[in-house]
Amino acid sequence: MMEEMEYLRLPPILAKQVQHPEEYIRKNDPKEPVRRIFKNVPISQDERKLLQQLKDNLAAYKIEINPDSQTDEVLLRYLYANNFNIENTKDMLRSHLSWLREPKNYEFDQDVLDIYNKGIVYILGRDKQYRPTLIINCDQITTVNVELLKRALSILCIIMEDYCFFDGKIENWNIIIDLKEKCVLNVKLQEYYSLFQLMYQNFPCTVDKIFILHPSLSIQLGWAEFLEHVFNKKKIIIVSDINQFKKYYEPTQLERKYGGRIEVKKYFPPLNTIPEGKQLTEPLKLLESMNQQQQQQIQIQTKQSIQAQNTFQETVTKQVQPTETLKMTKSKIERDFSVYPQQEVNDFKVYRPTEISKEPIKNISKYNRLTQAEIMKKEYEFQVQQTILQQKQAEVMKSYKYKQSQMIFEGNEQDEILSEQIRTQTVKPQSVQGQPQNAKGRLTAEQAEEDNAACIIF
């Protein structure tokens, strides 16, 4: 029978989408530690120390466990269920091992099937985090023997744990207790205490939420108070309006009577509300494949863009000299004047790259289909050449002024005579006439030459 439940497994592509916050997986509260996910997640050093203490205690009392069944993750569940009390955990494990040794406790037969067919207990739907849901319908609960009901409930819990969970993602289930006014008044809650104690003892730390609904608030509160003896009261939610389920469930995962869209015709075997057929899995796999390809393409483009920028910047850095080395020497200026007409030097046409200065890179039609990396490269090249152009223009202008001043100086005979007089220290430069003289009554030849050069050039 169990082998036929493989269809209930959740497709991995959906399970991997579930992301739990750290507080959901494990909450370090000294007064009330909580852990909901135990498999495929790290076990802390403190937890391992407690696990070793528990194993030593079990060995001391000669309580044998099967390492394949009672793994560290399973033992850790029992520790959390007992708030790390080693003695209580040992007693609880002893009872659980005794329950496992009796196959009759979870034997499937016609009596159990009859309970399922009546819809008293059944599995249906998953919440928004794909946790399965166990529904207990109290409409006919008073007509069923409690021990038989415990056996039916045990089988469903085993099915959910073995086929509806997904290690590291989905390791809890929800319970919907649908109370009926006509039967609840006759229910003795203490008779059903063992029903929920069974779940707590053999499937610890698996219940995420318990929804109690119908009919009156006073009866709901009575059940809530009753369940608090077994489960944490924070897990119990009183449902006064079925619209409250919208917060936790999609309509495709609930029966119509709970505000959903499912119309149940047969309660067992459980209905798979998320089938693994091609209608569901193939589009999802295709979508996941497309997303992965898109992300890979973006990563490749980004990597290429960065590499192109780095390579180009390195090339430019090697080729372009610093500003100090770009200054033109006197011989270079004379060579430029001898090769190019003076008018072109004045307009700086010699140093203007026509293919760059025509229009900005972005407006050139041939670059419309370039990648972003290539466009950035062109723009960077344009900025580099513009900088070099400005430096060369400034140097040419400075050189040109210097050349012109030299030409005026050399073409003026009076200036030449004056320069010769200054060199021979016979005449004071005009810039210092009328100024107080030094101890010898005149400037030195070196000072006069500097002063005269300053007057003429500037």
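Taking an unreviewed UniProt entry as the reference, the chain is identified by name as CRAL/TRIO N-terminal domain-containing protein belonging to Paramecium octaurelia.

Enquirer: Before we move on, could you go through the overall build of the chain and cite the residues and values that matter?
Expert: Each helix and strand counted, the chain has 17 helices and seven strands in total. The buried share among the 458 residues of the chain stands at 38%. The long-range share in the chain, meaning contacts at least 24 apart out of those at least 6 apart in sequence, stands at 73%. Split by element, the accessible area of the chain, about 28,100 Å² in all, is 49% carbon and sulfur.

Enquirer: Account for empty space enclosed by the protein, naming residues and giving values.
Expert: Taken as a whole and judged by the stated rule, the model has two cavities of 30 Å³ or more. Put simply, the largest cavity is a space of about 90 Å³. Taken together, Leu8, Ile123, Leu124, Gly125, Arg126, Pro132, Cys164, Pro270, Leu271, Asn272, Thr273 and Ile274 make up the lining of the largest cavity. Broken down by element, the lining of the largest cavity gets its largest block of residues, four residues, from strand E3 (residues 121-126). A breakdown of the residues in the lining of the largest cavity according to their chemical character gives eight nonpolar, three polar and one charged.

Enquirer: Outline the packing of helix H3 (residues 45-60) against helix H4 (residues 72-81), supporting the account with residue identities and numerical values.
Expert: In the contact formed by H3 and H4, the axes pass within 10 Å of each other and the chain directions differ by 90°. Comparing the axis directions of H3 and H4 gives the class roughly perpendicular. Contacts between H3 and H4 involve Glu47, Arg48, Leu50, Leu51, Leu54 and Lys55 from the former and Asp72, Leu75, Leu76, Leu79 and Tyr80 from the latter. Here the contact of H3 with H4 is built from residues that sort into seven nonpolar, no polar and four charged.

Enquirer: Residue-level account of the packing of aromatic side chains, with values.
Expert: Two measures describe an aromatic ring pair: the distance that separates the ring centres and the angle between the ring planes. Counted according to the given criterion, the structure contains 15 aromatic pairs. An angle of 20° between the planes, with centres 4.6 Å apart, marks the rings of Tyr116 and Phe268 as stacked. One end of the pair, Tyr116, is in helix H6 (residues 110-117); the other, Phe268, is in the loop between strand E7 (236-239) and helix H11 (278-319), and 152 residues separate them in sequence. By relative accessible area, which is 1% here, Tyr116 ends up buried. Taking relative accessible area as the criterion, Phe268 reaches 6% and is therefore assigned buried. An aromatic cluster of at least three residues, connected via ring pairs, comprises Trp99, Tyr106, Phe165, Trp173 and Phe203.

Enquirer: Talk me through the layout of surface pockets; I want residue IDs and the actual numbers.
Expert: Space inside the second largest pocket adds up to approximately 590 Å³. Lining the second largest pocket are 24 residues, and of these Lys39, Ser69, Val74, Glu161 and Asp162 lie nearest its centre. Elements with a minimum of two residues in the lining of the second largest pocket: H4, helix H5 (86-100) and helix H7 (146-164). Considering only residue class, the lining of the second largest pocket consists of ten nonpolar, six polar and eight charged.

Enquirer: Tell me about the pattern of salt bridges, residues and numbers included.
Expert: Here the idea is simple: oppositely charged side chains can pair when their charged atoms come close. All chains considered together, the criterion is met by 15 salt bridges. We note a salt bridge from Lys209 to Asp208, for which the minimum N-O separation is 2.7 Å. Through salt bridges with shared partners, one network takes in Arg36, Asp127, Arg131, Asp208 and Lys209.

Enquirer: Residues and numbers for the nonpolar core, please.
Expert: Core analysis: the largest hydrophobic core is formed by 51 residues, its most contacted members being Val121, Leu149, Ile159, Trp173, Ile175 and Met199. Per-element tally for this core: the top contributor is H7, with 13 residues. Ile43, Leu51, Leu58 and Leu93 belong to the second largest nonpolar core, which has 18 residues in total.

Enquirer: Help me get a handle on the sheet that holds strand E5 (residues 173-178), residues and values and all.
Expert: Judged by pairing direction, the sheet is mixed, and its five strands sit side by side in the order E3-E4-E5-E6-E7 without closing on themselves. One side of each edge strand has no neighbouring strand; the edge strands of this open sheet are E3 and E7. Across the sheet, the axes of successive neighbouring strands diverge by a mean angle of 25°, strand direction being ignored. Its contacts with the sheet place helix H9 (residues 193-202) against strand E4 (132-137), E5 and strand E6 (207-213), and it is angled at close to 175° to E5.

Enquirer: Lay out the pairing of E4 in plain terms, naming residues and giving numbers.
Expert: Remember that side chains alternate between the two faces of the sheet whenever the strand is regular. Of all the six residues making up E4, six are buried; the element is thus mostly covered by neighbouring parts of the structure. Covered by surrounding structure in E4 are Pro132, Leu134 and Ile136 together with Thr133, Ile135 and Asn137, the residues of both alternating faces. With four bridges joining them, E3 and E4 adopt antiparallel strand pairing. Bridge assignment links Ile123 to a residue of E4, and that residue is Leu134. Between the end of E3 and the start of E4, which pair antiparallel, lie five residues, with Tyr130 showing a positive phi angle near 65°. Relative to E5, E4 runs parallel, the two sharing five bridges. Across the sheet, residue Leu134 finds its bridge partner in E5, namely Ile175. A crossover links E4 with its parallel partner E5, the connecting element being H7, and its sense is right-handed.

Thresholds, definitions, all that
- Residues numbered from 1 in each chain as written.
- Predicted model: local features only at pLDDT ≥ 70, side-chain atom pairs only at ≥ 80, totals over all residues.
- Heavy atoms only, no water.
- Helix = DSSP H or I, 4+ residues; strand = E, 2+ residues; numbered from the N terminus.
- Buried < 20%, exposed > 50% of the residue type's maximum accessible area, 1.4 Å probe, protein only.
- Contact = heavy atoms within 4.5 Å.
- Areas by Shrake-Rupley, 256 points an atom, 1.4 Å probe, with all protein chains shown as cover.
- 1 Å grid on protein atoms, 1.4 Å probe; cavity = no way out; pocket = protein on both sides within 12 Å on 5 of 7 lines; lining within 4 Å.
- Points joined across faces, edges and corners; volume = space filled by probe spheres on them.
- Nonpolar A, V, L, I, M, F, W, Y, C, P; charged D, E, K, R; others polar.
- Axes fitted to C-alpha atoms, helices over the stretch in contact; angles between N-to-C directions.
- Parallel < 35°, antiparallel > 145°, perpendicular 65-115°, else oblique.
- Phe/Tyr/Trp six-rings, centres within 6.5 Å; stacked < 30°, edge-to-face > 60°.
- Salt bridge = Lys/Arg side-chain N within 4 Å of Asp/Glu carboxyl O.
- Core = buried A, V, L, I, M, F, W, Y, C linked by side-chain atoms within 4.5 Å.
- Pairing = 2+ DSSP bridges.
- Right-handed = clockwise from strand over helix to strand, strands pointing away.

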